[in-house]
Amino acid sequence: METPIIRIKDLGKEFKTANGPVRALQDINLEVSAGEIFGIIGLSGAGKSTLVRCINYLEVPTEGDVFFEGQSMAAMTDAQRRMIRRSMGMIFQQFNLLAQRNVIRNVCFPLELTGVPKKEARQRAMELLKTVGLEDRAQAYPAQLSGGQKQRVAIARALATNPKVLLCDEATSALDPNTTKQILELLKEINQKLGVTVIVITHEMAVIEAICDRVAIIDQSRIAEVGAVSELFLNPRSAIGRKLIMGEAGEQAAGGDGSARNIRIIFDGRESTEPIISNMVLACSAPVNIMYAATRDIQGKAMGQMVVQLPEDADGAERVIDYLESIKIPYEEVNSYEA
Amino acid sequence: MKLDAVTINMLKTGIWESFYMTALSSLFAYIIGLPLGIILVVTDNGGIHPIPWLQKILGVVINLLRSVPFLILLFIALPLSKIVIGTRIGSPAIVIPLTIAAAPYVARVVESSFRELDAGVIEAAQSMGASTWQIIWKVLLPESKPSLLLGAALAVTTILSYSAMAGFTGGGGLGAIAINYGYYRYEPFLMWVSVVLLVVMVQIIQEAGNRLSRRSDKRIR
């Protein structure tokens, strides 16, 4: 197996505060392969922003190490880390553009830091602005741009030094759904065309579903689970994973009142022509109650999920389960997950 | 008391003396205070290059100097003027105590300008591999420019009003005229004329600062 572009090993971070130490990260082990789009999802306060800052050592971990292309970041001097950071672009929720510089000079900024001649830097900046579709706003100042445009400038700026990795810290959280979609498409395009490995930090499952190949769920400072996004959708192994997959409405439905068993049925697109629920009800001659249903777009593939309440009599419930087994529809029981 | 040619000449000299005392002191105060303000922000806990002990000591020294009333500082510092400039009376001698009083004030004013800057912008520069010096020169100073200019208007007007106390130690300027003629000789007319001229100077400096700040600020469009 080839060396992962980023390997996080036994990483931990503790902040010293006036009220004593606060644990932000614990026992983090992750490997990100070159060329993938890797998602890190968690609720606010889970530690994901700290984690992404540990990757480029904006935050220095208190335990463990990060390896970039096999090189230990912990062993590096500050100057060496600054060099490595040029191979890792970063974009932010609040864009963090230089307000007193116009668009082109913002994009030139990282090149200025490395001493690229002005003319060459401008040329490269114009190319990048073309990539993000903003070549006509080169002379505008950030205050004159919309949120989506600002993030495009930030992306162009982050790409200026030809990084191998792009770290995205809640990059779409300040944007409306439509703009979010466009920015995510742009990130995907950059990943495919330029071969840049993208690490996406978010609290929104929709972002993960839209562009990520693999995902790590972080909960209470630890990694709850890691795996392919489609795998997580089919079979979440952690309580937090299920919560993120089903959303709040789904979770409430699955919780029910405890009197009956609930199961979550997953549709991966093959069954779209087959009326599964109707057939199931007819075949089992047992009524089921649909508690929740939703369709998700996972990397362009429609995946549906439904929470249904099984018949209250044990016989009927068994028949439904047997039916699902016989037609090979993935399902899982969700009552027991009450965390 | 009328505004005859002699009085007008005296007032003209007064305006010039007030102007150059303020301008020179402001210049020196910024030469000392601006780097101090940068050090205060950069070496602070959570700053871009934390050196907490230096930050603390500097903070204490600045507070100490700022808590001495200017009139007292004026008398304490005059022997220093004698050493540096060769005289302890007259307008040039005032520049030394004015600078000593104004530099820590300027340090605090520029410090607060730097603190207004969004920490995210500095973090972005760090994520691009910027060094401490690069962040100071290419982010901290240019991004704070509009706020620094507003702060400069505040600092310079304060220095102008301090300079008006020069009259107590044999210095010149409009303040001295107001004190010597208006207060000691009981000529309220001349006192009021000097005060009005000082007010006009303050207005001009403040307005200039506001305009420069607004014109340089790319956030407003």
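A short tour of the structure in this document, coming up. Treat the numbers as computed from the prediction; the structure is a model and nothing was measured. (Residues numbered from 1 in each chain as written. Chains lettered and ligands numbered in written order. Predicted model: local features only at pLDDT ≥ 70, side-chain atom pairs only at ≥ 80, totals over all residues. Heavy atoms only, no water.)

**Points about empty space enclosed by the protein**
At step 1: Throughout the structure, instances matching the rule amount to 3 cavities of 30 Å³ or more.
At step 2: Roughly 100 Å³ of internal volume is contained in the largest cavity.
At step 3: Lining the largest cavity are 16 residues; nearest its centre among them are A:Gly89, A:Met90, A:Ala158, B:Ser127 and B:Met128.
At step 4: Elements with a minimum of two residues in the lining of the largest cavity: strand 6 (88–91) and helix 5 (147–159) of chain A together with helix 5 (119–127) of chain B.
At step 5: With 4 residues, strand 6 of chain A is the single largest residue contributor to the lining of the largest cavity.
At step 6: Of the residues belonging to the lining of the largest cavity, the class tally is 10 nonpolar, 3 polar and 3 charged.
At step 7: When its volume is computed, the second largest cavity comes out at roughly 50 Å³.
At step 8: Lining the second largest cavity are A:Cys168, A:Glu170, A:Ala171, A:Thr172, A:Ser173, A:Leu184, A:Leu187, A:Val200, A:Ile201, A:Thr202 and A:Val207.
At step 9: Elements supplying a minimum of two residues to the lining of the second largest cavity: helix 6 (177–194) and strand 8 (197–202) of chain A.
At step 10: Among the elements that make up the lining of the second largest cavity, the one with the highest residue count is strand 8 of chain A (3 residues).
At step 11: Taken together, the residues of the lining of the second largest cavity sort by class into 7 nonpolar, 3 polar and 1 charged. (1 Å grid on protein atoms, 1.4 Å probe; cavity = no way out; pocket = protein on both sides within 12 Å on 5 of 7 lines; lining within 4 Å. Points joined across faces, edges and corners; volume = space filled by probe spheres on them. Helix = DSSP H or I, 4+ residues; strand = E, 2+ residues; numbered from the N terminus. Nonpolar A, V, L, I, M, F, W, Y, C, P; charged D, E, K, R; others polar.)

**As for the layout of surface pockets**
At step 1: The volume enclosed by the largest pocket comes to roughly 950 Å³.
At step 2: B:Gly46, B:Gly47, B:Ile48, B:His49 and B:Gln126 are the residues nearest the centre of the largest pocket, which is lined by 31 residues in total.
At step 3: Elements that contribute at least two residues to the lining of the largest pocket include exactly helix 2 (78–85) of chain A together with helix 1 (5–42), helix 4 (91–116), helix 5 and helix 6 (132–163) of chain B.

**Re the interface of chain B and chain A**
At step 1: Each partner contributes to the interface: chain B provides 23 residues, whereas chain A provides 23 residues.
At step 2: Between chain B and chain A, roughly 2,100 Å² of surface is buried when both sides are summed, and carbon and sulfur atoms account for 58% of that area.
At step 3: Counting the contacts that link chain B with chain A gives 2 salt bridges.
At step 4: Residues B:Glu123 and A:Arg53 are paired through a salt bridge, measuring 2.4 Å at the closest nitrogen-oxygen approach.
At step 5: Breaking the side of chain B that touches chain A down by element, the ones donating at least two residues are helix 5 and helix 6 of chain B. (Contact = heavy atoms within 4.5 Å. Buried area = accessible area lost by both parts, 1.4 Å probe. Salt bridge = Lys/Arg side-chain N within 4 Å of Asp/Glu carboxyl O.)

**Some points on the side chain of A:Ser221**
Residue and element names in this part refer to chain A.
At step 1: By secondary structure assignment, the location of Ser221 is in the loop between strand 9 (214–219) and strand 10 (222–228).
At step 2: Among the polar contacts made by the side chain of Ser221, one reaches the main-chain carbonyl oxygen of Arg23 at a distance of 3.4 Å.
At step 3: Within the structure, the side chain of Ser221 is placed 3.1 Å from the backbone oxygen of Ala24, a separation counted as a polar contact.
At step 4: Residues contacting Ser221, with those up to four places away along its chain left out, are Arg23, Ala24, Leu25, Gln26, Ile28 and Ala46. (Polar contact = N/O pair within 3.5 Å; in protein donor to acceptor, adjacent residues only side chain to side chain.)

**With respect to the packing of helix 1 of chain B against helix 4 of chain B**
Residue and element names in this part refer to chain B.
At step 1: Interaxial distance between helix 1 and helix 4 falls to 5 Å at its minimum, and their mutual angle equals 40°. Considering the angle they form, helix 1 stands oblique to helix 4. The two elements helix 1 and helix 4 cross, and the hand of that crossing is right-handed.
At step 2: Of the residues contributing to the contact of helix 1 with helix 4, the split by class is 22 nonpolar, 5 polar and 4 charged. (Axes fitted to C-alpha atoms, helices over the stretch in contact; angles between N-to-C directions. Parallel < 35°, antiparallel > 145°, perpendicular 65-115°, else oblique. Left-handed = near helix turned anticlockwise from the far one by under 90°.)

**Describing helix 6 of chain A**
At step 1: With 18 residues, helix 6 of chain A should cover 26 Å at 1.5 Å per step; its first-to-last C-alpha distance of 25 Å lies within 8% of that length.
At step 2: Its side-chain oxygen at 3.1 Å from the backbone nitrogen of A:Asn178, A:Asp176 defines the N-terminal cap of helix 6 of chain A. (Expected span 1.5 Å × (residues − 1).)

**Re the pattern of salt bridges**
All names here are of chain A.
At step 1: A complete count under the given rule lists 24 salt bridges over all chains for this structure.
At step 2: One salt bridge in this structure joins Asp169 and Arg53, with 2.8 Å as the shortest N-O distance. Within this pair, whereas Asp169 is found in strand 7 (residues 165–169), its partner Arg53 is found in helix 1 (residues 48–55), the two being separated by 116 residues in sequence.
At step 3: The class of Arg53 is buried, set by a relative accessible area of 12%. (Buried < 20%, exposed > 50% of the residue type's maximum accessible area, 1.4 Å probe, protein only.)

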